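# Topology and contacts: notes
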Amino acid sequence: MHFLASRLRRLPPSCGPVRLIGVDGHAGSGKSTFAGQLAEALDGAPVLHLDDIASHDELFDWTGRLLREVIAPLGRGENAHYAPYDWHSRRFGPPLALPPAPVILLEGVGAGRRALRPYLARLLWLELPREESWARGRSRDGTELREFWDRWVLAEQRHFAEDPSRPFADLLVRQCQKGYAVTRGPHVTVGPDHDVTHGDGPAAMC
C-alpha cells in the first residue's frame, strides 16, 4: 500500500492543488475498505464517500451537485462544502467542509464517470465481478435492505451501461488473501507516470 501511496503523491495535481484519486467498482466490491487503508498510507488523506453525495432520490443523478459543491471550489484551491446524506432518516445533514489536500480520495460507484474523469489524477477500479460484489453487499446489509438492493442493482446496471468506468481505469486493484495486487488498467499509456507494473503482473502487493 505504501508503494502505491508513494506513486500517487508524486502525480501532478489534477483539480486545483489536489491530486484527486477515484476509487470505483461495483457496490460491495470493497472500495470503502481499500480507500480507508490507502488513505492511512497517505498519512490520513481525506476520503469523500459518494454514499454521502447520493440519495434515495438520486442514486446516480448527483453529478451537477458534486461539481458545484466539491470539484469547483477545490479547483479554485478553496474549501468545498457538501451535506452528507443520512440513508436512515432520508435527509441531508449539516454541511461539512472539505479543505484542499495534496491527495483526496473520491470513493464510490460512479467515481470514474465521464464528467469526473477530467479532474482525476488516477482512476482505480476494484476488480471483483458484479455478481460476487452484489452478493457480498447483500450479505453485509441483511434482509431489511433487500428491496433497496433490488432497486440498486438495476440502477447500477443502467449506469455502467451508459457511463462505464472500468475501461478508463488506470489501475486495477484485486484483493488478495493478504493485502492487494495492483495492475495496469485498460486506460494506461505506458510512460514514466504509469510505470507501476512489470508486464501484466502485479505492480505491488500492498
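Computed from a predicted structure; not experimentally measured.

The subject of this paragraph is the confidence of the model for the protein. Predicted coordinates in regions of low pLDDT should not be interpreted in detail. On average, residues of the protein carry a pLDDT of 91, and 91% of them reach 70 or more. Counting contacts from residues 190-202, a segment whose pLDDT is below 50, to residues more than four positions away or on other chains yields 28 contacts.

Here we come to the pattern of salt bridges. Counted under the stated rule, the structure contains 10 salt bridges. We note a salt bridge from R117 to D163, for which the minimum N-O separation is 4.0 Å. With R117 in the loop between strand 7 (103-107) and strand 8 (122-126) and D163 in the loop between helix 5 (146-162) and strand 9 (171-175), this pair connects stretches of sequence that are 46 residues apart. The exposure class of R117 is partly exposed, given its relative accessible area of 21%. Here R138 and D150 are joined by a salt bridge, their closest N and O atoms 3.1 Å apart. One end of the pair, R138, is in helix 4 (residues 130-141); the other, D150, is in helix 5, with 12 residues separating them in the sequence. Given the relative accessible area of 31%, R138 is considered partly exposed.

Calculation notes
Numbering of residues begins from 1 in every chain and follows the order in which that chain's sequence is written. Owing to the predicted nature of the model, reporting of local features is limited to residues with pLDDT of at least 70; listing and counting of side-chain atom pairs is limited to 80 or more, with chain, interface and lining totals taken over all residues. Only hydrogens and water are set aside; all other atoms, that is, all heavy atoms of the structure, feed into the side-chain values. pLDDT is a residue-level measure of predictor confidence that goes from 0 to 100. Only heavy atoms enter the contact rule, under which two residues are in contact if any of them lie within 4.5 Å. We define a salt bridge as a contact between a side-chain nitrogen of Lys or Arg and a carboxyl oxygen of Asp or Glu at a distance within 4 Å. Helix and strand assignments come from DSSP, with helices taken as H or I runs of at least 4 residues and strands as E runs of at least 2, each series counted from the N terminus. Categorising residues by exposure relies on relative accessible area from a 1.4 Å probe, with only protein chains included: less than 20% of the type maximum marks a residue as buried, more than 50% marks it as exposed, and the intermediate range marks it as partly exposed.

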